[in-house]
Amino acid sequence: MEKTILEVKNLSVDFATDQGTVRAVRDVSFHVKEGEILGIVGESGSGKSVGMHAIMGLLAANGHVTGGDIIFNEENIARKAFANERAYEEKMCAIRGKEISMIFQNPMSFLNPVLTVGSQLREVIKNHNPKLGKAELGRRTVEQLHLVGIPSPETVVRQYPYALSGGMRQRVVMAIALVNRPKLIIADEPTTSLDVTTQAQVLDIIREMSRQIHASAIVVTHDLGIVASLCDRVIIMYGGKLVETGNIREIFYAPDHPYTKGLLNSVNNPENDDRELMTIPGSPPDMLNPPAGCPFVDRCNKAMRICKKKMPLLAVLSETHSSSCWLRQKEAKQHG
Ligand code: SF4
């Protein structure tokens, strides 16, 4: 059986704001196995990207992990597992870019505009391989650009990010993220703002690189098409909560949660072109005051009285499929 490379247990993240505390991620648990590609799907504000930043220790200054454990490669890397901030930062500096790498959604804000592509890539290699000589450093830099499909890498190493197209910049970001052969790749909306052809190429690189270096990957997206073509398993998040998880077949052919069904009804299905596309009426919950019960209650056409009062537990539907909906709980019939 494949080893579990990441296990997130009961993760909660809050943000302190002038308006009050935003409960961005609430008691979320999931795992990723070695070599597996996990998709995390949800609309803006569902907590998917915040959860990934919490794993990387990259929350904004007003963000705090308020509970839970983050077990990476059998070691707890949650802030609370360290004696002080310095010990935590030292550990995360050793992990970031080496053991876990992140591909961000906006390559222009990730890349330094006043440094050449080559120097940015060399810096990441050198950080984790301080004894490497100049010639070997140069060789690995060119080789890495070549691996992510950049034509003429010998020229590109000397160029600045502004001289490259959006697709080429995203490839450079991927080259930086993958150069130290991480065990886990976190890709946060990796194809946003790219044209369809470049999107497909970027997804191919993630798939191929994760296969080549046997890395696991988490792909955060709102695009179910990306999940279907790239991922092995998927988590659906809503209102800071995990509402359904399953393998691709279970989520796409036997969705259980009304929100998952709503999402699938709102996108094109190549197997059923004539189907009318539906929208999910209403708006996401206010995370300053999230509902005590199911976060989807105000938009759900199957809501019962109990849905407002209590959050349903995850009901296990198969070894890989779980859903958090009162329709699955016997208790709901007693309360109505
Ligand atoms: Fe709808 Fe209730 Fe299920 Fe939430 S728990 S999805 S409100 S039926």
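Everything numeric here is computed off the predicted structure, so don't read it as measured data.

The rules behind these values
- Residues numbered from 1 in each chain as written.
- Predicted model: local features only at pLDDT ≥ 70, side-chain atom pairs only at ≥ 80, totals over all residues.
- Heavy atoms only, no water.
- Near = heavy atom within 4 Å.
- Nonpolar A, V, L, I, M, F, W, Y, C, P; charged D, E, K, R; others polar.
- Helix = DSSP H or I, 4+ residues; strand = E, 2+ residues; numbered from the N terminus.
- Buried < 20%, exposed > 50% of the residue type's maximum accessible area, 1.4 Å probe, protein only.
- Polar contact = N/O pair within 3.5 Å; in protein donor to acceptor, adjacent residues only side chain to side chain.
- Axes fitted to C-alpha atoms, helices over the stretch in contact; angles between N-to-C directions.
- Parallel < 35°, antiparallel > 145°, perpendicular 65-115°, else oblique.
- Left-handed = near helix turned anticlockwise from the far one by under 90°.
- Contact = heavy atoms within 4.5 Å.
- Arc of directions from axis to C-beta.
- Pairing = 2+ DSSP bridges.

Chemist: Please give an account of the site of the ligand that cites residues and values.
Modeler: Around the ligand lies a shell formed by His257, Pro258, Cys294, Val297, Cys300, Lys302, Ala303, Cys307, Pro312, Cys325, Trp326 and Leu327. The residue inventory of the shell around the ligand, partitioned by class, reads 10 nonpolar, 1 polar and 1 charged.

Chemist: Can you break down the environment of Asp286 residue by residue, with the values?
Modeler: Topologically, Asp286 is positioned in the loop between helix H11 (258-265) and helix H12 (305-309). What makes Asp286 partly exposed here is its relative accessible area of 44%. Between the C-alpha atom of Asp286 and that of Ala187, which follows or precedes it by 99 residues, the distance is 26 Å. One polar contact links the side chain of Asp286 to the main-chain amide nitrogen of Leu288, over a distance of 2.9 Å.

Chemist: I'd like to hear about the packing of helix H4 (residues 117-128) against helix H5 (residues 134-147), residue by residue, with values.
Modeler: Think of two packed helices as two axes; the pair is described by the angle between the axes and how far apart they sit. At their nearest, the axes of H4 and H5 sit 9 Å apart, and the two run at 110° to each other. As summarised for this structure, H4 and H5 are arranged roughly perpendicular, according to the angle between their axes. Regarding H4 and H5, the two cross each other, and that crossing is right-handed. Between H4 and H5, the contacting residues are Val117, Gly118, Leu121, Arg122, Ile125 and Lys126 on the first element and Leu137, Arg140, Thr141, Gln144 and Leu145 on the second. Class assignment of the residues belonging to the contact of H4 with H5 gives a composition of 5 nonpolar, 3 polar and 3 charged.

Chemist: How would you explain the environment of Glu136 if you had to name every residue and give the values?
Modeler: Considering the arrangement of structural elements, one finds Glu136 in helix H5. For Glu136, a relative accessible area of 26% gives the class partly exposed. Each C-alpha atom of the pair Glu136 and Ile226 lies 36 Å from the other, and the pair is 90 residues apart in sequence.

Chemist: With reference to specific residues and values, describe helix H2 (residues 85-95).
Modeler: Where H2 is concerned, the buried positions are Tyr88, Met92 and Ile95. Within H2, the buried residues cover an arc of 55° as seen down the axis, which keeps them to one side. Residues of H2 that are exposed and point more than 90 degrees away from the buried face comprise Arg86 and Glu90. Measuring from the backbone nitrogen of Arg86 back to the side-chain oxygen at the start of H2 gives 3.2 Å, which picks out Asn84 as the cap. A positive phi of about 85° marks Gly97, the residue just after H2.

Chemist: Quick one: what's the story with the pairing of strand S2 (residues 20-33), residue by residue and with numbers?
Modeler: Pairing between strand S1 (residues 4-17) and S2: 10 bridges, direction antiparallel. Counterpart to Val8 in the pairing with S2 is Phe30. Where S1 folds back on S2, the antiparallel hairpin that results is connected by 2 residues.

Chemist: Which residues make up the sheet that holds strand S9 (residues 233-238), and what values do they have?
Modeler: Pairing between the strands of a sheet comes from backbone hydrogen bonds, and it takes one of two forms, parallel or antiparallel. Taken in spatial order, the 8 strands make up an open sheet running S6-S7-S8-S3-S9-S10-S12-S11, and their pairing is mixed. Looking at the sheet topology across the chains shown, the edges are occupied by strand S6 (100-103) and strand S11 (315-316). Bridge count between strand S3 (residues 37-41) and S9: 4 bridges; the pairing is parallel. Directly across from Gly39, in S9, lies its bridge partner Val234.

Chemist: Tell me what's going on with the pairing of strand S4 (residues 63-72), and back it up with residues and numbers.
Modeler: Direction of pairing for S1 relative to S4: antiparallel, over a ladder of 8 bridges. Counted as the bridge partner of Phe15 is Gly63 from S4. Hairpin connection, S4 to strand S5 (residues 75-76): the antiparallel pair is bridged by 2 residues, and Asn73 has positive phi, about 50°.

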